[in-house]
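Below, each chain spelled out in residue letters.
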Amino acid sequence: MLGLDGKTAVVTGAGQGIGREISLLLAEYGTRIAAVDVKPDGIEETVSLVREKGSEGYAVTCDVSDYDAVRECVAGVLAWSDQVHFLVNNAGITRDNLLLRMSLDEWESVLKVNLTGTFNFTRALTRHMLGKRYGRIVNIASVIGVMGNAGQSNYAASKAGIIGFTKSVAREFAARNITANAIAPGFIATAMTEALPDDKRGEMLRMIPLGHFGTGRDVAHVVLFLLSELGSYVTGQVIHCDGGMVMS
Ligand code: NAP
């Protein structure tokens, strides 16, 4: 019924956090996982956990912001798997600073990984998906890309960019049975949010109507829905997974 068994997903930033949780949940439903990350250790572990779930995995080290490296990475994945059905653009970084103190490097590095990285993988895989007349793309944005946040203008711009990009891709490829959606997680307990000071965490918690932080598994559930047959009539949407932080 879900239609995930035996299909192949590329998941970026799969070495830890939300990317790993997405990989493991999909593996539970029989999806084969090409786990991509900038460093090898995390993805090797993700792939061994994928195998423990009874599915197949392939670890590939790649910097998502490097256009040529991404093309090479996709060629490797397509040598491992005849078809890639799903792409989850999840790799992301933060380099927080107030705008008046933000360096050009802090601005550019976040845009390059979060937004250009999403472009690179989508660009590299859509021709293949067009040929197969099938594709499901999920881009991990953020509530910050919708509501903004002081000290995160670079991150907010990258995530708002992902939302506009996703809607454009959805329109461009809808006629070929390729859907593209974004997920906007709120505050999810991972290494990315661990570094926040206690007062900031308390401030965030007060903004969450459900009264607790989310988990990587919460985000993975939304990914699962969008990739499965249950989500086949959904495209160009931004699904919030944030405990009610942002309501539109
Ligand atoms: P995380 O724990 O830091 O994991 C992100 C992964 O992406 C890491 O394994 C990281 O590798 C990898 N990565 C970083 N730069 C990369 C690059 N250039 N190429 C390939 N991989 C790269 O973060 P997370 O919390 O799981 O976040 C996952 C996604 O969700 C991100 O896009 C993030 O913006 C988004 N998100 C998170 C939250 C949250 O509250 N956690 C909320 C909203 C949105 P290294 O660690 O080795 O650099």
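How each quantity is defined
- Residues numbered from 1 in each chain as written.
- Predicted model: local features only at pLDDT ≥ 70, side-chain atom pairs only at ≥ 80, totals over all residues.
- Heavy atoms only, no water.
- Phe/Tyr/Trp six-rings, centres within 6.5 Å; stacked < 30°, edge-to-face > 60°.
- Helix = DSSP H or I, 4+ residues; strand = E, 2+ residues; numbered from the N terminus.
- Buried < 20%, exposed > 50% of the residue type's maximum accessible area, 1.4 Å probe, protein only.
- Axes fitted to C-alpha atoms, helices over the stretch in contact; angles between N-to-C directions.
- Parallel < 35°, antiparallel > 145°, perpendicular 65-115°, else oblique.
- Left-handed = near helix turned anticlockwise from the far one by under 90°.
- Contact = heavy atoms within 4.5 Å.
- Salt bridge = Lys/Arg side-chain N within 4 Å of Asp/Glu carboxyl O.
- Pairing = 2+ DSSP bridges.
- Right-handed = clockwise from strand over helix to strand, strands pointing away.
- Near = heavy atom within 4 Å.
- Polar contact = N/O pair within 3.5 Å; in protein donor to acceptor, adjacent residues only side chain to side chain.
- Areas by Shrake-Rupley, 256 points an atom, 1.4 Å probe, with all protein chains shown as cover.
- 1 Å grid on protein atoms, 1.4 Å probe; cavity = no way out; pocket = protein on both sides within 12 Å on 5 of 7 lines; lining within 4 Å.
- Sits in = over half its atoms within 2 Å of the grid points.
- Nonpolar A, V, L, I, M, F, W, Y, C, P; charged D, E, K, R; others polar.

Visitor: Would you take a moment to explain the packing of aromatic side chains for this structure?
Guide: Within the structure shown, the criterion is met by three aromatic pairs. Relative to F119, the ring of Y67 lies with its centre 6.5 Å away and its plane at 15°, an arrangement referred to as stacked. With Y67 in helix α3 (residues 67–80) and F119 in helix α4 (residues 104–132), the pair connects residues that are 52 residues apart, well separated along the chain. Given the relative accessible area of 32%, Y67 is considered partly exposed.

Visitor: Is there a simple way to think about the packing of helix α1 (residues 17–28) against helix α2 (residues 40–52) in this case?
Guide: For any two helices packed against each other, the geometry is given by the interaxial angle and the distance between the axes. Their axes nearest at 9 Å, the elements α1 and α2 cross at an angle of 20°. When the axes of α1 and α2 are compared, the pair comes out roughly parallel. Where α1 crosses over α2, the handedness of that crossing is right-handed. Judged by residue contacts, R20, S23, L24 and A27 of α1 engage G42, E45, T46, L49 and V50 from α2.

Visitor: When you look at the pattern of salt bridges in this model, what are you seeing that I'm missing?
Guide: Oppositely charged side chains can pair when the atoms bearing their charge come close. This model, assessed by the stated rule, comprises five salt bridges. In this structure, E28 and R217 form a salt bridge, with 3.0 Å as the shortest nitrogen-oxygen distance. Placement of E28 in helix α1 and of R217 in helix α9 (residues 216–227) is noted, with a sequence separation of 189 residues between them. Taking relative accessible area as the criterion, E28 reaches 35% and is therefore assigned partly exposed. In this structure, the salt-bridge partner of E56 is R32, at a minimum N-O distance of 3.0 Å.

Visitor: Please explain unusual backbone geometry as it appears in this structure.
Guide: Both trends apply: most residues other than glycine have a negative phi, and most peptide bonds are in trans. A positive phi angle, near 55°, is found at R133, a position not held by glycine. Examined against the element boundaries, R133 turns out to sit in the loop between α4 and β5 (135–140). For N177, which is not glycine, the phi torsion reads 65° and is therefore positive. By the element assignment, N177 lies in the loop between α6 (153–173) and β6 (178–185). A relative accessible area of 37% means that N177 is categorised as partly exposed.

Visitor: Looking at this structure, how should I read the sheet that holds β5?
Guide: Sheet strands line up and pair through hydrogen bonds in the backbone, either parallel or antiparallel. Taken in spatial order, the seven strands make up an open sheet running β3-β2-β1-β4-β5-β6-β7, and their pairing is parallel. What marks the edges here is a single partner per strand, and that holds for β3 (57–61) and β7 (238–241). The sheet shows a mean angle of 20° between the axes of neighbouring strands, taken without regard to direction. Judged from the four bridges that link them, strand β4 (residues 86–89) and β5 form a sheet pairing that is parallel. From the neighbouring strand, F86 faces β5, where its bridge partner is R136.

Visitor: When you look at the pairing of β4 in this model, what are you seeing that I'm missing?
Guide: The two faces of a sheet get side chains in turn, since along a regular strand they alternate between them. Side chains F86 and V88 project from β4 onto one buried face, and the interleaved L87 and N89 project onto a second face that is buried too. In this structure, strand β1 (residues 8–12) lies alongside β4, joined through three bridges in parallel fashion. The partner of V10 across the bridge, within β4, is L87. Traced from β4 through α4 to β5, the parallel crossover comes out right-handed.

Visitor: Would you explain the site of the ligand in this entry?
Guide: Near the ligand lie 28 residues; those nearest to it are D37, N90, Y155, I188 and T190. I18 has a polar backbone atom sitting 2.8 Å from an oxygen atom of the ligand. Within the complex, 90% of the 880 Å² of free accessible area of the ligand lies under protein. With respect to the detected pockets, the ligand is housed in the largest pocket. A per-element tally of the shell around the ligand places helix α7 (residues 191–194) first, with three residues. Its residues placed into classes, the shell around the ligand shows 15 nonpolar, nine polar and four charged.

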